[in-house]
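# Structural characterization, general
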Amino acid sequence: MKEVIIGLEVHVQLNKLRSKLFCSCSTQYHDSEPDTHTCPVCLGLPGALPVTNGKAVDNAIKVALALNCNIEEWTMFYRKNYYYPDLVKGFQISQYDYPIATNGSISLDTEDGERAIRIKRVHMEEDPGRLVHVGTIDKSKYSLIDYNRSGVALLEVVTEPDLRTPKEARLFLNKLKNILEYLDVFDSSLEGSLRVDANVSIAGGKRAEIKNISSYKGVEKALLFEIVRQNNLVRRGVKVVQETRHFDEVRGITISLRTKEGEEDYRYFPEPDLVPITIRDRVDDIKKTLPELPDAKRQRFALQYGISDNHAKVLISELGLANFFETVATEVDANLSATWIADVLKGELNYRDLDISAFSPAHMVQILQMLKKDTITEKGAVQVIRTLLDEGGTPSEIVKRKGLLKIAADVSENAVFEVLAENPAAVQDYHDGKDEALNFLVGQVMKKTRGRADPRTVSKLLKEKLQNAPDNHREA
Ligand SMILES: [Zn+2]
């Protein structure tokens, strides 16, 4: 298999800003009628003048710092000229030479270990309007346009071609999203908040650019499809041509849009309506506002709480989850908290497509305390978590209502005696050295006690009884 080379251009909306990049229109358009968040500037009417949103520049610097970039002394905007119906002015205000930042990196946990993915540049630009295709893009008879999105601040993060697999591309996007959310500049849950252009080639061949992929999973799927397509061409002796392709999310395939135009076709020239912005002198103040970032938090969790790196990695993957863990870990044992939050609760949340805000840290504390005091079994604790997620309530009420109080040791012991008497064949198997017989007997006791006995105690009790009365079954 030939080496695969992937580079990404990630467009993220700075959608925590209240207004657009060059006008004061609101960015909260997601539940609004089309064209209701517009003004002469973002509609590109003649004579309307743009004014740069200073907060947008600050947020862009924040991101660039978090991506370990060099922040330039000053930055300026260019006009990128092209014609497309979603672009009101016939050009997009973007950056070209003198972008806000260059030469950064994101450290990625890949299958071959930790690797730095280089960031070539980070720049600001305005979002075009939104085209709505009826049906699929190649079959649709007409398109609708909504200009509410026109002029929203976008940040474009361009990587060097350092990614090697579609999975790495997905991991990279998750990591970037994670950092942006820690910085509180980005809400990934909003539709259209992230769009990716993915460049992919197989060693020695020309590259294809897959445009405008709008979901994290879509990027991985599009790349997988494209790599197979290019490999098939090579195998048949057909040349891969440099071109722009569209990813059809529904059918999971890429379609040729046009053979690639060069950058010079855009006729970039300095935006005459905006003056260059000095940014270096803002950097120190912004640096002071940077929060603890995911990598630093992961290290601190392992150090401060003594939890495993794997648990730390899961816990920092969402800021809400990390905060949840810290709240719980200050009340109960940190390792127990990490295990139950990262291994159990997170799984139950994923299964229900919920995030951590659906669960109360106070409830988690109560559950873990009951577990520590041996009031409930591990199985019971899982049941409490599930019931809280599905039906609501409180842990103690659920334990009472569902009869989850762990039963006393003597009740377990009675059940053990009964099971031994009822299953002579399994007892014989055990003495014949068949280990699975013990598992079977434990299962029978759990069944008898309706899961309220502690399986480890039961196993221990069973072993004791079996050893003390080896010939029990023969006398029976
Ligand atoms: Zn506007």
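One can find the structure itself at the top, above this paragraph.
The following paragraphs examine the structure supplied in this document. (Residues numbered from 1 in each chain as written. Predicted model: local features only at pLDDT ≥ 70, side-chain atom pairs only at ≥ 80, totals over all residues. Heavy atoms only, no water.)

## Observations regarding the sheet that holds strand 13 (residues 243-248)
The nine strands are arranged 2-6-7-10-1-11-12-13-14 in an open sheet whose pairing can be described as mixed. Two strands in the sheet have a free side with no partner beyond their single neighbour: strand 2 (70-71) and strand 14 (253-259). Alignment of strand 13 against strand 14, held across six bridges, turns out to be antiparallel. Note on strand 14: the bridge partner recorded for threonine 244 is arginine 258. (Pairing = 2+ DSSP bridges. Helix = DSSP H or I, 4+ residues; strand = E, 2+ residues; numbered from the N terminus.)

## Notes on the pairing of strand 12 (residues 208-213)
In terms of residue burial, strand 12 counts as a mostly covered element, since five of its six residues are buried. Judged from the four bridges that link them, strand 11 (residues 194-202) and strand 12 form a sheet pairing that is antiparallel. Within strand 12, the position partnered with asparagine 199 by the bridge is glutamate 209. Linking two consecutive strands that pair antiparallel, namely strand 11 and strand 12, is a turn of five residues; a positive phi of about 90 degrees is found at glycine 204 within it. Pairing analysis gives four bridges linking strand 12 to strand 13, with the strands arranged parallel. Within strand 13, the residue paired with isoleucine 210 across the bridge is arginine 245. Between strand 12 and its parallel partner strand 13, the chain crosses via helix 3 (residues 216-235), and the hand of that crossover is left-handed. (Buried < 20%, exposed > 50% of the residue type's maximum accessible area, 1.4 Å probe, protein only. Right-handed = clockwise from strand over helix to strand, strands pointing away.)

## Looking at the packing of aromatic side chains
To describe a pair of aromatic rings, you give the distance between the ring centres and the angle between the ring planes. By the definition in use, this model includes ten aromatic pairs. Aromatic side chains phenylalanine 22 and phenylalanine 77 sit 5.2 Å apart centroid to centroid with 85 degrees between the ring planes, which places their arrangement in the edge-to-face category. Of the two residues, phenylalanine 22 sits in the loop between strand 1 (4-13) and helix 1 (54-66) while phenylalanine 77 sits in the loop between strand 3 (74-75) and strand 4 (78-81), which places them 55 residues apart along the sequence. Judged by relative accessible area, phenylalanine 22 falls into the buried class, the value being 3%. Note on tyrosine 266 and tyrosine 268: the rings are 6.1 Å apart at their centroids and 75 degrees apart in plane angle, and the pair reads as edge-to-face. Residue tyrosine 266 shares its accessibility class with tyrosine 268, and that shared class is buried. In textbook terms, an aromatic cluster arises when at least three aromatic residues are bridged by ring pairs, as seen for Tyr78, Tyr82, Tyr96, Tyr266 and Tyr268. Here the basic side chain of lysine 80 rests over the ring of tyrosine 266, its NZ or CZ set 4.4 Å away from the ring centre. Its end group placed over the ring of tyrosine 216, lysine 177 keeps NZ or CZ at 5.1 Å from the ring centre. (Phe/Tyr/Trp six-rings, centres within 6.5 Å; stacked < 30°, edge-to-face > 60°. Lys NZ or Arg CZ within 6 Å of the ring centre and 35° of its normal.)

## Overview of the packing of helix 8 (residues 334-351) against helix 10 (residues 378-391)
Between two packed helices, both the angle of their axes relative to each other and the distance between the axes serve to describe the pair. The interhelical angle for the contact between helix 8 and helix 10, taken along N-to-C directions, is 40 degrees, at an axis separation of 10 Å. Compared by their axis directions, helix 8 and helix 10 come out oblique. As for the relative orientation of helix 8 and helix 10, their crossing is right-handed in sense. Taking contact as the criterion, the partners of Trp340, Val344, Leu345, Glu348 and Leu349 in helix 8 are, on helix 10, Glu378, Ala381, Val382, Ile385, Arg386 and Leu389. Of the residues in the contact of helix 8 with helix 10, the class split is eight nonpolar, no polar and three charged. (Axes fitted to C-alpha atoms, helices over the stretch in contact; angles between N-to-C directions. Parallel < 35°, antiparallel > 145°, perpendicular 65-115°, else oblique. Left-handed = near helix turned anticlockwise from the far one by under 90°. Contact = heavy atoms within 4.5 Å. Nonpolar A, V, L, I, M, F, W, Y, C, P; charged D, E, K, R; others polar.)

## A closer look at the pattern of salt bridges
Applying the stated criterion to the full structure yields 41 salt bridges. Two residues, aspartate 429 and lysine 434, come together in a salt bridge whose shortest N-O distance is 3.8 Å. With a relative accessible area of 41%, lysine 434 lands in the partly exposed category. One network of salt bridges, with partners in common, ties together Asp109, Arg298, Asp309 and Lys313. (Salt bridge = Lys/Arg side-chain N within 4 Å of Asp/Glu carboxyl O.)

## Section: unusual backbone geometry
Unlike most non-glycine residues, aspartate 35 shows phi in positive territory, near 60 degrees. For aspartate 35, the location among the structural elements is in the loop between strand 1 and helix 1. The phi dihedral of asparagine 103 is positive, around 50 degrees, even though this residue is not glycine. Note that asparagine 103 resides in strand 6 (residues 101-110). For asparagine 103, a relative accessible area of 52% translates into the label exposed.

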